[in-house]
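Chains, contacts and geometry: an overview
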Amino acid sequence: MATIKIKQIKSKIGYPKDQKETLKALGLHKIGQVVEIEDNPSMMGMVRKVRHMITVVED
């Protein structure tokens, strides 16, 4: 299955608890961290929820 890389670019401080938990579920814990996730509908829903705190990294 296809994968994408995402990077956390903003702090989770000051955001609602559900968005903090979404970042944790994506595997992101600190600014600048890059993780590779599967490109499926459930993951894309989580990415859309926190799109203001992350960016997609191109290889």
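Remember, it's a predicted structure, so these values are computed and weren't measured experimentally.

In strand S2 (residues 34-38), alternate side chains face the same way, and those of Val35 and Ile37 are buried while those of Val34, Glu36 and Glu38 on the opposite face are not. Two strands pair when backbone bridges link them, and strand S1 (residues 3-8) and S2 are joined in this way by 5 bridges, in the antiparallel orientation. Residue pairing for S2: Lys5 is matched across the bridge by Glu36.

Another point: the environment of Gly32. In this structure, Gly32 sits in the loop between helix H1 (17-26) and S2. Distance in space between the C-alpha atoms of Gly32 and Ile13 is 15 Å, their sequence separation being 19 residues. Those residues in contact with Gly32 that sit more than four places away from it in its chain are Lys7 and Gln8.

Checked against the element boundaries, Thr22 lands in helix H1. By relative accessible area, which is 8% here, Thr22 ends up buried. In this structure the side chain of Thr22 is engaged in a polar contact, spanning 2.8 Å, whose partner is the backbone oxygen of Asp18. For Thr22, the residues in contact, after removing those within four places along its chain, are Met46, Lys49 and Val50.

Rules behind the numbers
Residues numbered from 1 in each chain as written. Predicted model: local features only at pLDDT ≥ 70, side-chain atom pairs only at ≥ 80, totals over all residues. Heavy atoms only, no water. Buried < 20%, exposed > 50% of the residue type's maximum accessible area, 1.4 Å probe, protein only. Helix = DSSP H or I, 4+ residues; strand = E, 2+ residues; numbered from the N terminus. Pairing = 2+ DSSP bridges. Contact = heavy atoms within 4.5 Å. Polar contact = N/O pair within 3.5 Å; in protein donor to acceptor, adjacent residues only side chain to side chain.

In short, geometric facts, not functional conclusions.
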